[in-house]
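# Per-entry structural report
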Amino acid sequence: MSPLRLYNFPYVVQREIMDSLDLQTIFLLSISSKRMNNLIVSVEKVRFNKIKYILYKLTNLASIEAVNYDDTSEVILRLQPIDSHVTYSEKLSISGTSIEFDRSAQLSYEDLTLRFRWYSTTSNENVFVNQILESIQRHSDGLIGHTKECRLYFLTYGREFMLPKLRKVSGSSIFLLPSIDGKTLDEYCSASPNQDFLQVRPEITSRLKNYSAFFGMKCVDFDDPNSLVVPELLRKFTGRQAFTRTSKIESSDVIRFLKKWKSNESFENLETLHVTLGYNSKRFNPAEIKNAIDIKILDGSVNAVVYSCKR
């Protein structure tokens, strides 16, 4: 069978051919050559304009999906993990990063299986999942468009795991077991600041830096059983909504927060702050807080003042 001479066809025929291909095939074709990438960018504009954001998922495997404005989605790329002792000789280059693959596909929908390694290391010989996701985003910026926002959903285990440094992240759900340290979270937030939401589970095990971008997220939802982050949140949060669970909270931290909020000195953007104390946790003194910030209980028997204005 002779090869299909795609470049020789008219534009309309090229577009019909490309439209008939799934997005994963389109992506793999785009990395074959710069000429092919430019052709796809030219004929698939309508298709790419329907994409609202790119979703990066990491669970037992890695996948990158295009989520459209009509809430439908399509897989751009799937990757399977590599056993630490296995090496594949075949490699595919994406934005200068060599990704290992094999042709003994385990899944029926794949002609080849792209592979990734889990953990970070000082070795220069191995490429790990965070680097692969970063290289995929660099390529998709030139293919689908650099203005597309992205979202992350990570549910994985590993103390050595490194979060990818991606651009234009609008939201993240990070379930990094058994915990995530403050330095790792700081580095991720610095690379992807100003997110609409950031969810972190199961716990943050060390303090964040003084001017962490974490405190600037529009909405945060996190567990802080050791009360390492909540006290700083009550001083530095500039977002709109915060939901957290902790083991203790000091009355002095609550008083300081309420005074700054009432005086409009800080927390101008704040809409919701919800702090849940766990069972057997240290309780603060509500009476002490009421007295400190001069809270008055209105007498229900006294009619409220009625104000009128001329129309």
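Up top is the structure.
Residues numbered from 1 in each chain as written. Predicted model: local features only at pLDDT ≥ 70, side-chain atom pairs only at ≥ 80, totals over all residues. Heavy atoms only, no water.

## Observations concerning the pairing of strand S4 (residues 91-94)
Bridge analysis of S4 against strand S5 (residues 97-102) gives four bridges, and the strand direction is antiparallel. Bridge assignment links serine 93 to a residue of S5, and that residue is serine 98. (Pairing = 2+ DSSP bridges. Helix = DSSP H or I, 4+ residues; strand = E, 2+ residues; numbered from the N terminus.)

## Regarding the packing of helix H3 (residues 34-43) against helix H5 (residues 129-143)
The contact between H3 and H5 brings their axes to 9 Å, and the two run at 55 degrees. Judged on the interaxial angle alone, H5 and H3 are oblique. Facing H3, whose interface residues are Asn37, Ile40 and Val41, H5 presents His139, Gly142 and Leu143. Class assignment of the residues belonging to the contact of H3 with H5 gives a composition of three nonpolar, three polar and no charged. (Axes fitted to C-alpha atoms, helices over the stretch in contact; angles between N-to-C directions. Parallel < 35°, antiparallel > 145°, perpendicular 65-115°, else oblique. Contact = heavy atoms within 4.5 Å. Nonpolar A, V, L, I, M, F, W, Y, C, P; charged D, E, K, R; others polar.)

## What about the packing of aromatic side chains?
For the coordinates displayed, the defined rule picks out four aromatic pairs. Relative to phenylalanine 215, the ring of phenylalanine 214 has its centre 5.7 Å away and its plane inclined at 85 degrees; by these criteria the two rings are edge-to-face. Ring centres of phenylalanine 214 and phenylalanine 222 lie 5.3 Å apart, and the angle between their planes is 80 degrees; on these two criteria the pair is classed as edge-to-face. In this pair, the class of phenylalanine 214 matches that of phenylalanine 222, namely buried. These aromatic residues form a ring-pair network of at least three members: Phe214, Phe215 and Phe222. Just above the ring of tyrosine 53 sits the side chain of arginine 151; from NZ or CZ to the centre is 4.0 Å. (Phe/Tyr/Trp six-rings, centres within 6.5 Å; stacked < 30°, edge-to-face > 60°. Buried < 20%, exposed > 50% of the residue type's maximum accessible area, 1.4 Å probe, protein only. Lys NZ or Arg CZ within 6 Å of the ring centre and 35° of its normal.)

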